[in-house]
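Single-letter residue listing:
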Amino acid sequence: MSDPSELAAAIRATWFGADLSDDCLERLAQIAREYETPARTRLLREGDDTKELSILVDGRIALTEHVAGRGSVTLMSAEPGDVFGWSAIIPPYRATATVVSLEPVKVIAIEAEALRGELKENCVLAAGVYPRLAQALARRLEATRQQLLDVYGNEQRTPW
């Protein structure tokens, strides 16, 4: 799918793009591409430059991080509509996690440099995209909090 109108429709079909205006969707679609990968494909590596902001359209991915003495630890899995590679628009533009497909996936990837330029020049687009990124980060933080509660929830310590 390389037709911008099809990409715009695919973005709109996700929670990330559901309420974006037609103009915003059109701008994003013009700097986006769609791709598919098989299971167990590394889509992004922790510490690398993040060249694309990506929306998972189909399939599941795992976000992992290297932990000293433990190796690669899965932080969370993501479902269709979730965003990864958000560090593409937040300096220093380095991936904070490794992303691996758990099954065959379909992804819409928005080119980072072009997106940063669009967000700088287009206030309407920025006003549409940044709150959704904040929501994506909030979802990620909540998932991490739940994971920490699962790991440490049995310990009854008072922090003061």
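See the structure printed just above.
Report follows, based on the coordinates.

Procedures and definitions
Residues numbered from 1 in each chain as written. Predicted model: local features only at pLDDT ≥ 70, side-chain atom pairs only at ≥ 80, totals over all residues. Heavy atoms only, no water. Pairing = 2+ DSSP bridges. Helix = DSSP H or I, 4+ residues; strand = E, 2+ residues; numbered from the N terminus. Axes fitted to C-alpha atoms, helices over the stretch in contact; angles between N-to-C directions. Buried < 20%, exposed > 50% of the residue type's maximum accessible area, 1.4 Å probe, protein only. Contact = heavy atoms within 4.5 Å. Salt bridge = Lys/Arg side-chain N within 4 Å of Asp/Glu carboxyl O. Arc of directions from axis to C-beta. Left-handed = near helix turned anticlockwise from the far one by under 90°. Nonpolar A, V, L, I, M, F, W, Y, C, P; charged D, E, K, R; others polar.

**Here we look at the sheet that holds strand E7 (residues 98–101)**
Okay, step 1: Read from one edge to the other, the open sheet built from four strands follows the order E2-E7-E4-E5, with strand pairing classed as antiparallel. Of all the strands in the sheet, the pair left with one neighbour each is strand E2 (42–44) and strand E5 (71–78). Each strand of the sheet is rotated relative to its neighbour by a mean of 35°, with strand direction disregarded.
Okay, step 2: Summarising the sheet, strand E4 (residues 61–67) and E5 pair through seven bridges and their orientation is antiparallel.

**Re the pairing of strand E8 (residues 105–111)**
Here is the key point about a regular strand: its side chains alternate between the two faces of the sheet.
Okay, step 1: With five of its seven residues buried, E8 lies for the most part within the structure.
Okay, step 2: Sheet topology places strand E1 (residues 32–37) next to E8; six bridges connect them, and they run antiparallel. Note that in E8 the partner of Tyr35 across the bridge is Val107.
Okay, step 3: Sheet topology places strand E3 (residues 52–58) next to E8; six bridges connect them, and they run antiparallel. In the strand pairing of E8, Asp58 is matched with Lys106.

**Some details on the environment of Thr41**
Okay, step 1: Here Thr41 is to be found in the loop between E1 and E2.
Okay, step 2: Separated by 47 residues in sequence, Thr41 and Ala88 place their C-alpha atoms 20 Å apart.
Okay, step 3: Not counting the four nearest positions on each side in its chain, Thr41 is found in contact with Val99, Val100 and Ser101.

**Topic: the pattern of salt bridges**
Okay, step 1: Tallied over the full model, the rule gives nine salt bridges.
Okay, step 2: For Arg33, the salt bridge is made with Glu52, and the minimal N-O distance between the two is 2.8 Å. Here Arg33, found in strand E1, pairs with Glu52, found in strand E3; they are 19 residues apart in sequence, far enough to count as distant.
Okay, step 3: Owing to a relative accessible area of 22%, Glu52 belongs among the partly exposed residues under this scheme.
Okay, step 4: Among the ionic pairs, Arg145 bridges to Glu142, the shortest N-O distance being 3.1 Å. In this pair, Arg145 and Glu142 are both assigned in helix H4 (residues 123–152), three residues apart and thus about one turn of the helix distant.
Okay, step 5: Given the relative accessible area of 35%, Glu142 is considered partly exposed.
Okay, step 6: Connected via shared salt-bridge partners are Arg60, Glu79 and Glu103.

**Some remarks on helix H1 (residues 4–12)**
Okay, step 1: By the burial criterion, the buried members of H1 are Leu7, Ala8, Ala10 and Ile11. Around the axis of H1, the buried residues are gathered within 160° of arc, so they sit on the same side.
Okay, step 2: Packing partners of the buried residues in H1 comprise helix H2 (22–30), E1, E3 and E8.

**Comments concerning the packing of H1 against H2**
Relative placement of two packed helices is described by the angle separating their axes and the distance separating the axes.
Okay, step 1: It is the contact of H1 with H2, at a shortest axis distance of 8 Å, that shows an interaxial angle of 115°. Every pair of crossing elements has a handedness; the one defined by H1 and H2 is right-handed. Along the contact surface, H1 presents Pro4, Leu7, Ala8, Ile11 and Arg12, while H2 presents Asp22, Leu25, Leu28 and Ala29.
Okay, step 2: Here the residues of the contact of H1 with H2 are counted per class, giving seven nonpolar, no polar and two charged.

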